[in-house]
Amino acid sequence: MSAQTIIISFNGQEQDLHVEKETYNGKPAYYVQDKNLSTRFDGHLPDDLVIFETIDGVQCSPRVITLEGRHILESIWNGIREQGSDTPQPYGKGLG
């Protein structure tokens, strides 16, 4: 299991999220470790979020159904992809 800290912007404020990477059915799955996601993101994200990539694109469990929630999910996914490192870097890529 490897951990990452990513920073995304939501409603003009930076939010740092802690993500753990594990393997599920031979593919990477990213577990957002932060509690109270539904509160932090105004109900657009569910708590206990797991993100994974499929042939159809980025998916998550539980499902995110609002448009704003999908934008937040894409921001999280971009943060995971851009980090390129399994080491937490709280000040951005290469600055941690």
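As a reminder, the structure under discussion sits directly above these lines.
For clarity, every value in this text was computed on a predicted model and none was experimentally measured. (Residues numbered from 1 in each chain as written. Predicted model: local features only at pLDDT ≥ 70, side-chain atom pairs only at ≥ 80, totals over all residues. Heavy atoms only, no water.)

So, about the pattern of salt bridges. One pass over the structure, following the stated rule, counts one salt bridge. Of the charged contacts, one joins D34 and R40 as a salt bridge, the two residues approaching to 3.3 Å between their closest N and O atoms. Residue D34 is classed as buried on the basis of its relative accessible area, which comes to 12%. On the basis of relative accessibility, which here comes to 25%, the residue R40 falls in the partly exposed class. (Salt bridge = Lys/Arg side-chain N within 4 Å of Asp/Glu carboxyl O. Buried < 20%, exposed > 50% of the residue type's maximum accessible area, 1.4 Å probe, protein only.)

Next up on the list: the side chain of Q15. Examined against the element boundaries, Q15 turns out to sit in strand β2 (residues 13-24). On the basis of relative accessibility, which here comes to 12%, the residue Q15 falls in the buried class. Of note is the side chain of Q15, whose polar atom sits 2.8 Å from the side chain of R40. When sequence neighbours within four positions are dropped, the list of residues in contact with Q15 reads I6, I7, I8, F10, R40 and F41. (Helix = DSSP H or I, 4+ residues; strand = E, 2+ residues; numbered from the N terminus. Polar contact = N/O pair within 3.5 Å; in protein donor to acceptor, adjacent residues only side chain to side chain. Contact = heavy atoms within 4.5 Å.)

The next point concerns the pairing of β2. With nine bridges joining them, strand β1 (residues 2-10) and β2 adopt antiparallel strand pairing. The residue of β2 that forms the bridge with I6 is L17. Of the pairings in the sheet, the one linking β2 to strand β3 (residues 27-32) comprises six bridges and is antiparallel in character. Across the sheet, V19 pairs through a bridge with V32, a residue of β3. (Pairing = 2+ DSSP bridges.)

What follows deals with unusual backbone geometry. Each neighbour pair has its own omega, and for S61 with P62 the value is -10°, a cis peptide bond. Even without glycine at this site, D42 takes up a positive phi of about 50°.

The first and last C-alpha atoms of helix α2 (residues 67-83) sit 24 Å apart over 17 residues, in line with the 24 Å expected at 1.5 Å per residue. Taken together, the buried positions of α2 are occupied by G69, I72, L73, I76, W77, G79, I80 and Q83. Along α2, the residues classed as buried sweep out an arc of 155° about the axis, all on the same side. Residues of α2 that are exposed and point more than 90 degrees away from the buried face comprise L67, R81 and E82. If you follow the buried residues of α2, they end up packed against β1, β2, β3, β4 (50-54) and β5 (57-61). (Expected span 1.5 Å × (residues − 1). Arc of directions from axis to C-beta.)

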